[in-house]
Amino acid sequence: MVSGFWWYVLFALVGTAVVWKGSDMLERSSKRLSLYFGLPPVVQGAIVVAVGSSFPELSSTVVSTYVHGAFDLGVSAIVGSAIFNLLVIPALSGIFADGVDADRSIVYKEAQFYMVAVAVLLITFALAVIYHPVANTRLHGTVTWQLALIPIAFYGVYIFTQYQDTQDYDAAAPPNGISPLREVATLLASLALIAVAVEGLVTAALGFGDLFGTPDFIWGLTVVAAGTSLPDTLVSVRAATDDEGVTSIANVLGSNVFDLLIAVPAGVMVAGSAEIDFSVAVPLMGFLTLATVIVFAVLRTELSLSKNESWGLLAVYCLFLVWMLLETVGVTHVVPGA
């Protein structure tokens, strides 16, 4: 057991390091492509950089469901990553940049559409339980590919709102020396590197679950979620320290919208259908909703995130980790499957 434990630790560490390297390549190419095509900062952060830096989460869902048949692990990785993104990334950005400025497009468009994304995914899971219940189980349902189209359709609405912002934006001339073909090639290479690394993270999470006799989703919420959130962390903290607060916060919210409305349904689409345990999904999505409300509240105060508020967000994430630890050792039973 001991030797197996260290092998899984090695998988997790190497996978995380490779994700970090791939995300660094991805960030550079995404930013240069955004400058080349003259995208506004909010669209750059919420679409181009967010989709690119969310590729680890997309990979985790597809790999978990299609390769390992563990859809709950993929979903928990997405939810855990969303909680990490909301609480830890803005907090680190605010601490390292001594505060982060937002604007009304972040608070009144990005944050509120993200709240809609949370509701849409939860409704999709509820429809699975109501119309496609799993026999001889309690609150289990099958998410079909038809149901998976619901969140995907809502992401189409999100893309449309970003397109409208692009139409209204007066872009500056692109800098010299940017080759779009070279940047696209770099971006594709980074995505392939990240996909391989995520397989290591998923293998580690499944291995830890077997070794300690704990549900897969606990490790998805922690190991896989933290590892796959590294690209978003890198992108947002760098943007914040470069006084690009709008891009930093937009990347967080845009990444979470993509994760919930595209990454989760992607696992269903590649597998044809997937079973979801609603009794596990609701408490986790409930905490995600609470985290969303907290972040919305602190951003709305003076349209900025102060250093003290950043430390407060980190404290809330620590409470989440304590809760997961208590669920794992059986002290609390809020999540029935833990």
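Quantities reported herein were computed from a predicted structural model and do not represent experimental measurements. Within each chain, residue numbers correspond to sequence positions counted from 1 in written order. Reporting in this predicted model follows two pLDDT cut-offs: at least 70 for local features of residues, and 80 or more for side-chain atom pairs to be given and counted; totals over whole chains, interfaces and linings ignore these cut-offs and use all residues. The basis for every side-chain value is the complete set of non-hydrogen atoms in the structure, without hydrogens or water.

Student: Would you explain the overall build of the protein chain in this entry?
Tutor: Summing up its helical and strand segments, the protein chain has 12 helices and 4 strands in all. Here the Shrake-Rupley method, with its probe set to 1.4 Å, supplies the accessible areas, and only the displayed protein chains count as covering residues. Total accessible area on the protein chain stands at roughly 14000 Å², and carbon and sulfur atoms take up 68% of it. Runs of H or I in DSSP of at least four residues are treated as helices and runs of E of at least two as strands, each being numbered from the N terminus.

Student: Help me out: how do you make sense of the packing of helix H11 (residues 278-300) against helix H12 (residues 307-329) in this one?
Tutor: Working note: a packed helix pair is described by the angle between its axes plus the distance between those axes. Orientation is described by lines fitted to C-alpha atoms, with helices fitted over the stretch in contact, and by angles between N-to-C directions that extend from 0 to 180 degrees. At a minimum axis separation of 11 Å, H11 and H12 run at an interaxial angle of 170°. What the angle tells us is that H11 and H12 run roughly antiparallel. Note on element contacts: H12 touches H11 through Glu-309, Leu-313, Val-316, Phe-320, Trp-323 and Met-324, opposite Pro-283, Leu-284, Phe-287, Ile-294, Val-295 and Val-298. Gly falls in the polar group here, along with every residue not listed as nonpolar (Ala, Val, Leu, Ile, Met, Phe, Trp, Tyr, Cys, Pro) or charged (Asp, Glu, Lys, Arg). Along the lines of polarity and charge, the residues of the contact of H11 with H12 split into 11 nonpolar, no polar and 1 charged. Orientation is classified from the angle alone, with under 35 degrees giving roughly parallel, over 145 giving roughly antiparallel, 65 to 115 giving roughly perpendicular, and any other angle giving oblique. Whether two residues are in contact is decided by their heavy atoms, any of which lying within 4.5 Å being enough.

Student: I'm lost on unusual backbone geometry in this one. Help?
Tutor: Working note: non-glycine residues mostly have negative phi, and peptide bonds are mostly trans. Of note, Asp-98 is a non-glycine position whose phi angle comes to about 60°, a positive value. Structurally, Asp-98 is set in the loop between helix H4 (71-96) and strand S1 (100-101). Each residue is placed in one exposure class: buried if its accessible area under a 1.4 Å probe, protein chains only, is under 20% of its type's maximum, exposed if it is over 50%, and partly exposed if it falls in between. Taking the relative accessible area as the measure of exposure, Asp-98 reaches 58% and is therefore exposed. At Asn-136, a residue that is not glycine, the phi angle is positive and equals roughly 65°. The exposed category is assigned to Asn-136, whose relative accessible area is 83%.

Student: Which parts of the structure should I look at to understand the side chain of Thr-144?
Tutor: Take Thr-144: it is sitting in strand S2 (residues 140-144). Of the residues examined, Thr-144 reaches a relative accessible area of 13% and is grouped as buried. In this view, Thr-144 contacts His-132, Val-268, Gly-272 and Ser-273; residues no more than four positions away in its chain are not counted.

Student: What is the right way to read the packing of aromatic side chains from this model?
Tutor: For any pair of aromatic rings, geometry is given as the distance between the ring centres together with the angle between the planes. Each Phe, Tyr or Trp ring (for Trp, its six-membered ring) is paired with any other whose centre lies within 6.5 Å, and the angle between the two planes then decides the class: stacked below 30 degrees, edge-to-face above 60, tilted in between. Under the criterion given, the structure shown has 8 aromatic pairs. Pairing Phe-113 with Tyr-158 gives two aromatic rings, centres 4.9 Å apart and planes at 40°, and the pair type is tilted. Within this pair, whereas Phe-113 is found in helix H5 (residues 104-131), its partner Tyr-158 is found in helix H6 (residues 145-167), the two being separated by 45 residues in sequence. By the burial criterion, Phe-113 is buried, and Tyr-158 matches it. Measuring from ring centre to ring centre gives 5.8 Å for Phe-287 and Trp-323, while their planes differ by 35°; the resulting arrangement is tilted. On the criterion of sequence distance, the pair formed by Phe-287 in helix H11 and Trp-323 in helix H12 is long-range, its members being 36 residues apart. Of the aromatic side chains, those joined through ring pairs into one cluster are Phe-84, Phe-287, Tyr-317, Phe-320 and Trp-323.

Student: For this particular structure, what's the right way to read the pattern of salt bridges?
Tutor: Pairing between side chains becomes possible if they bear opposite charge and their charged atoms approach one another. Criterion for a salt bridge: a side-chain nitrogen of Lys or Arg within 4 Å of a carboxyl oxygen of Asp or Glu. Following the criterion strictly, the structure yields 1 salt bridge and no others. The salt bridge involving Glu-183 is made with Arg-32; its shortest N-O contact spans 2.8 Å. Highlighted residues: Glu-183 in helix H7 (residues 180-212) and Arg-32 in helix H1 (residues 2-36), separated in sequence by 151 residues. Overall, Glu-183 belongs to the buried group, its relative accessible area being 6%. For Arg-32, a relative accessible area of 31% translates into the label partly exposed.

Student: What's the story with helix H10 (residues 245-271) in this structure? I'm lost.
Tutor: Because each turn of an α-helix spans 3.6 residues, side chains separated by three or four positions in sequence point in the same direction. The span expected for a helix works out to 1.5 Å for each residue beyond the first. Given a rise of 1.5 Å per residue, 27 residues ought to cover 39 Å, and the 38 Å separating the end C-alpha atoms of H10 matches this to within 8%. Where H10 bends most, the angle comes to about 40°, and this point is Asp-259. Just downstream of H10 lies Gly-272, where phi reads positive at about 90°. Across the chain, bend at a residue is computed as the angle between axes fitted to the seven residues ending at that point and the seven starting from it.

Student: Would you explain a nonpolar patch on the surface in this entry?
Tutor: Together, Trp-7, Leu-10, Phe-11 and Val-14 make up a nonpolar patch on the protein surface, roughly 400 Å² of accessible area in all. Position of Leu-10 among the secondary structure elements: in helix H1. By relative accessible area, Leu-10 is classed as partly exposed at 41%. Residues enter patches when their relative accessible area tops 30% and they take part in no salt bridge; the joining distance is 9 Å for like charges and 5 Å for the nonpolar side chains Val, Leu, Ile, Met, Phe, Trp and Tyr.

Student: Sorry if this is basic, but what is going on with the environment of Phe-125 here?
Tutor: Note that Phe-125 resides in helix H5. Look at Phe-125 and you get buried, because its relative accessible area is 1%. Linking Phe-125 and Ala-281, residues 156 residues apart in sequence, is a C-alpha distance of 8.2 Å. Once you skip the residues sitting within four places of it in the chain, Phe-125 turns out to touch Val-75, Val-143, Val-264, Ile-276, Phe-278 and Ala-281.

Student: How do you make sense of the nonpolar core when you look at a structure like this?
Tutor: One recurring pattern in soluble globular proteins is that nonpolar side chains are buried together. Core analysis: the largest hydrophobic core is formed by 74 residues, its most contacted members being Leu-87, Tyr-114, Phe-125 and Leu-288. The set of elements that each furnish at least two residues to this core consists of H4, H5, H6, helix H8 (216-228), H10, strand S3 (273-277), H11 and H12. With 14 residues, H10 is the single largest residue contributor to this core. Not counting chain neighbours up to four residues away, the residues in contact with Leu-288 comprise Ala-82, Ile-83, Leu-86, Tyr-114, Val-118 and Leu-260. Residues enter a nonpolar core if they are buried and are Ala, Val, Leu, Ile, Met, Phe, Trp, Tyr or Cys, with the set joined through side-chain atoms within 4.5 Å. With 19 residues, the next largest nonpolar core counts Val-9, Val-202, Ala-204 and Val-223 among its residues.

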